[in-house]
Amino acid sequence: MNHPTNPKGETPQTLILEQPLIFEQGQEGRCGVDLPAIPEYRDRLGGLRRQDKIGLPGLSEPQVVRHYTRLSQKNYAIDSVFYPLGSCTMKHNPRLNEKLARLPGFAELHPLQPLSTVQGALELIDHLAHWLKTLTGMPAVAMSPAAGAQGEFCGMATIKAALLARGEHRTQVLAPESAHGTNPASAASLGFSVESIPATADGRVDMEILKAKLGPNTAALMLTNPNTCGLFERDMIAIAKAVHQAGAYFYCDGANFNAIVGRVRPSDLGIDAMHLNLHKTFSTPHGGGGPGAGPVVLSEELARFAPLPYVVHEAQGFRLVEHAAEADQSIGRLKGFHGQMGMFVRALAYLLSHGADGLWQASGDAVLSANYLLASLKDVMTASFEGPCMHEALFDDRFLKDTGVSTLDVAKALLDLGFHPMTMYFPLVVHGAMLIEPTETESRETLDEFIAALRHLVEQARDGQGEMFHSAPRNTPRRRLDETLAARKPQLRWAPLR
Ligand SMILES: *Cc1c(COP(=O)(O)O)cnc(C)c1O
């Protein structure tokens, strides 16, 4: 069958039509709703009144609906294809969570409502806090941080406060070289200097080097577990002991908690503080950059430095501790109000609907899926480390040697086969990294299709079909862009084909 082609000889994407920018479609005076004319009024704003037009495009409701629906179709998204970026970016968000978050009693809350009218919301925050403390085995949790990075800042600020309370001015923070960039950034923004610890050949913290670097100036170790190579840090207890012996604190980055929920309690590993990304592990959506929620569990010692406000349960009901007068050791406020209420509702819906047994199964299935991929691909791709992985399978680009094909080329070619690429070039500790996190919700059939796609690409790369890779993607609304130029000088206007 002959496909219709455009004048450039390309087969157009029939369902993804090009469209002028929304500002080019707009017409003055067009509107989705019929607004009454503004009645006569006396202008009391004087010179403060806006003189220029506000500049919004005038559009009908169907134009707006089509605009956003088409935009949503231009991307590979978890609701349409397998998305091997995993929980770290976006795992499946059960629709039940969404339904509950939209209940008017939650969705229409205002943070300045009188306490007597928000008892249910405060109880929900308290109940979620109870779950987070139970799952981590930690005695306290600060709920307000808005994301993982702010959680790190919060946890490290409590550590700084605890050191100051001891009369100590320790300035050094240690972090493995594979750490997520937010770890050194959070430490540095609190005035700490960060020193990195190299990994061993098996992808874990080098204990000898760690011990050698720990000293009277060490404030804390920041460590991710499972780490960013998808491996469990087996020496956690020994690491915690060494850190504490040096008088320092142990901060754990809990972004990869999805792999161990219900199976490992961070308190048993000797940690002092750890953030949880509700928008990763507990499935609250954070597409398009927002919103997240990064509660931080804290040890007994660090709890008194927790940020304001926090919820307390008293005989008369729930109340907020909001002022330093009541909590004079608190590090203070991190954000305007109590945290991300919509995320709290979704996370608690996820926890309650799964139950303890369901959470235990989810982490087990996440690890099983990743190991299934690792075992099914390691004969043709190069696994970076020996042995089984946790929730992510890490490969590097050694298998592409002499093929002229790069990690980026493989990612682009995957798009043509209908898959979102995996995480590329992170962690930085292996060359040309490909980090695959399938999560617990993908079926065996989907994993098999993805494995088949990758095996097919490996074969083509070895077959000298570099050209095919370099011209990928061909089936997407845009071909390969100059990514630097596209980021710096985005060209948003549709250039009609002639
Ligand atoms: C995502 C992530 C963070 C940062 O969390 P945000 O919620 O994006 O701020 C920190 N560390 C690791 C390992 C992560 O994966």
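Below is a short write-up of the structure. Numbering of residues starts from 1 in each chain and follows the order in which that chain's sequence is written. The model is predicted, so local features are restricted to residues of pLDDT at least 70 and side-chain atom pairs to those at 80 or more, both for listing and for counting; the totals for chains, interfaces and linings are taken over all residues. Only hydrogens and water are removed before side-chain values are computed, so all heavy atoms of the structure are retained for them.

Description of the sheet that holds strand β1 (residues 140–142)
Note the cut-off: Pairing between strands is defined by DSSP: at least two bridges between the two strands are required. Put simply, DSSP H or I for four residues or longer makes a helix, DSSP E for two residues or longer makes a strand, and each gets a number counted from the N terminus. For helices, the axis comes from a line fit to the C-alpha atoms of the stretch in contact; other axes are also lines fit to C-alpha atoms, and the angle between any two N-to-C directions lies between 0 and 180 degrees. Contact between two residues is taken to exist if any of their heavy atoms lie within 4.5 Å; hydrogens are not considered.
Strand order in this open sheet of 7 strands is β1-β7-β6-β5-β4-β2-β3, and the pairing throughout is mixed. The open sheet terminates on both sides in strands that have one partner only, identified here as β1 and β3 (193–197). Geometrically, the sheet is characterised by an average inter-axis angle of 25° between neighbouring strands, direction not taken into account. Bridging between strand β2 (residues 172–176) and β3 involves 5 bridges; their strand directions are parallel. Across the sheet, the residue bridging to Val 173 is Val 194, located in β3. Set on the sheet, helix α5 (residues 119–136) makes contact with β1, β6 (273–275) and β7 (296–298); between it and β1 the angle comes to about 125°.

Focus on the site of the ligand
Stated formally: A cutoff of 4 Å decides nearness: a residue is near a molecule or strand if any of its heavy atoms lies inside that distance of it. Throughout this description, a polar contact denotes any pair of N or O atoms lying within 3.5 Å of each other; where both atoms belong to protein, one of them has to be capable of donating a hydrogen while the other can accept it, and for residues adjacent in sequence the pair is counted only when both atoms sit in side chains. Using the Shrake-Rupley algorithm and a 1.4 Å probe, accessible areas are obtained, with residue cover drawn only from the displayed protein chains. Lys, Arg, Asp and Glu make up the charged group, whereas Ala, Val, Leu, Ile, Met, Phe, Trp, Tyr, Cys and Pro make up the nonpolar group; the residues left over, Gly among them, are polar.
Cys 88, Gly 148, Asp 253, His 279 and Lys 280 are the nearest of the 13 residues found near the ligand. Within the contact set of the ligand, a nitrogen atom lies 2.5 Å away from a side-chain nitrogen or oxygen of Asp 253. Residue His 279 places a side-chain N or O atom 2.6 Å away from an oxygen atom belonging to the ligand. A total of 380 Å² of accessible area belongs to the ligand in isolation, and the protein chains cover 85% of it. Broken down by element, the shell around the ligand gets its largest block of residues, 3 residues, from helix α6 (residues 148–165). Split into classes, the residues belonging to the shell around the ligand amount to 4 nonpolar, 6 polar and 3 charged.

Concerning the packing of aromatic side chains
Quick reminder of the rule: Any two rings among Phe, Tyr and Trp, with Trp reduced to its six-membered ring, count as a pair given centres within 6.5 Å; such a pair is stacked if its planes are under 30 degrees apart, edge-to-face if over 60, and tilted if neither. Relative accessibility under 20% of the residue-type maximum defines a buried residue, over 50% an exposed one, and the middle range a partly exposed one, all with a 1.4 Å probe and only protein chains included.
In total, this model carries 5 aromatic pairs according to the counting rule given. With centroids separated by 5.3 Å and ring planes inclined at 70°, the aromatic side chains of Phe 419 and Phe 450 adopt a geometry described as edge-to-face. Highlighted residues: Phe 419 in the loop between α12 (407–416) and β12 (423–424) and Phe 450 in helix α13 (residues 444–462), separated in sequence by 31 residues. When sorted by exposure, Phe 419 lands in the same class as Phe 450, which is buried. An aromatic cluster of three or more residues is present, and its members are Phe 82, Phe 419 and Phe 450.

With respect to the pairing of strand β8 (residues 310–314)
Pairing analysis gives 5 bridges linking β8 to strand β9 (residues 317–321), with the strands arranged antiparallel. Each residue of the ladder has a partner; that of Glu 314, found in β9, is Gly 317.

Looking at unusual backbone geometry
Glycine aside, negative phi is the norm for most residues, and most peptide bonds take the trans geometry. In this chain, Leu 308 is followed by Pro 309 through a cis amide linkage whose omega measures -10°. Following the sequence through the fold, Pro 309 ends up in the loop between α10 (300–303) and β8. That bond from Phe 426 to Pro 427 is cis: its omega, 0°, falls within 30 degrees of zero. Structurally, the position occupied by Pro 427 is in the loop between β12 and β13 (434–436). Despite not being glycine, Ser 283 shows a phi value in the positive range, around 65°. Among the secondary structure elements, Ser 283 is positioned in the loop between β6 and β7. In this structure Ser 283 comes out as buried when scored by relative accessible area, which is 0%. With a phi close to 70°, Thr 439 is a non-glycine residue in the positive phi region. Tracing the chain through its elements places Thr 439 in the loop between β13 and α13.

Focus on a nonpolar patch on the surface
Defined as follows: The patches described consist of residues with a relative accessible area above 30% and no salt bridge, like charges being joined within 9 Å and nonpolar side chains (Val, Leu, Ile, Met, Phe, Trp, Tyr) within 5 Å. Between Lys or Arg on one side and Asp or Glu on the other, a salt bridge is scored when a side-chain nitrogen of the former is within 4 Å of a carboxyl oxygen of the latter.
A contiguous nonpolar patch, built from Val 64, Tyr 68 and Leu 71 and spanning about 280 Å² of accessible area, is present on the exposed surface. With respect to the helices and strands, Tyr 68 occurs in helix α2 (residues 61–73). A relative accessible area of 52% places Tyr 68 in the exposed class.

Topic: the environment of Lys 160
Positionally, Lys 160 belongs in helix α6. When its relative accessible area of 33% is taken as the criterion, Lys 160 is described as partly exposed. For Lys 160 and Thr 171, which are 11 residues apart along the polypeptide, the C-alpha to C-alpha distance reads 9.1 Å.

Side note on the sheet that holds β12
The 4 strands are arranged β10-β11-β13-β12 in an open sheet whose pairing can be described as antiparallel. At either margin of the open sheet sits one strand with a lone partner, and together these are β10 (382–383) and β12. Where strand β11 (residues 393–396) lies against β13, 3 bridges are found, and the strand directions are antiparallel. Paired with Ala 393 across the strands is Ile 436, a residue of β13.

Looking at the side chain of Asn 93
Note on placement: Asn 93 falls in the loop between α2 and α3 (95–101). The residues contacting Asn 93, other than those within four sequence positions of it, are Ser 283, Thr 284 and Pro 285.

A short note on the pattern of salt bridges
Applying the stated criterion across every chain, the model contains 21 salt bridges. One salt bridge in this structure joins Glu 483 and Lys 412, with 3.2 Å as the shortest N-O distance. Of this pair, Glu 483 sits in helix α15 (residues 483–488) while Lys 412 sits in helix α12, and the two are 71 residues apart along the sequence. A salt bridge links Arg 444 to Asp 448; its shortest N-O distance comes to 3.5 Å. Of the two residues, Arg 444 and Asp 448 are both situated in helix α13; the distance of 4 residues between them amounts to about one turn of the helix. Via salt bridges that share partners, Glu 98, Arg 102 and Arg 346 belong to a single interconnected network.

A short note on the environment of Leu 231
Here Leu 231 is to be found in the loop between β4 (218–224) and α9 (236–245). Given the relative accessible area of 3%, Leu 231 is considered buried. When the C-alpha atoms of Leu 231 and Val 243 are compared, they prove to be 21 Å apart, with 12 residues separating the residues in sequence.

What to know about α13
Basically, it comes down to this: Expected helix span is given by 1.5 Å per residue-to-residue step, counting one fewer step than there are residues.
In this model α13 runs 27 Å from its N-terminal to its C-terminal C-alpha over 19 residues, within 8% of the 27 Å that 1.5 Å per residue would give. For α13, the complete set of buried residues consists of Thr 446, Leu 447, Phe 450, Ile 451, Ala 453, Leu 454, Leu 457, Val 458, Gln 460 and Ala 461. Of the residues flanking the end of α13, it is Gly 464, one or two places downstream, whose phi is positive at about 75°.

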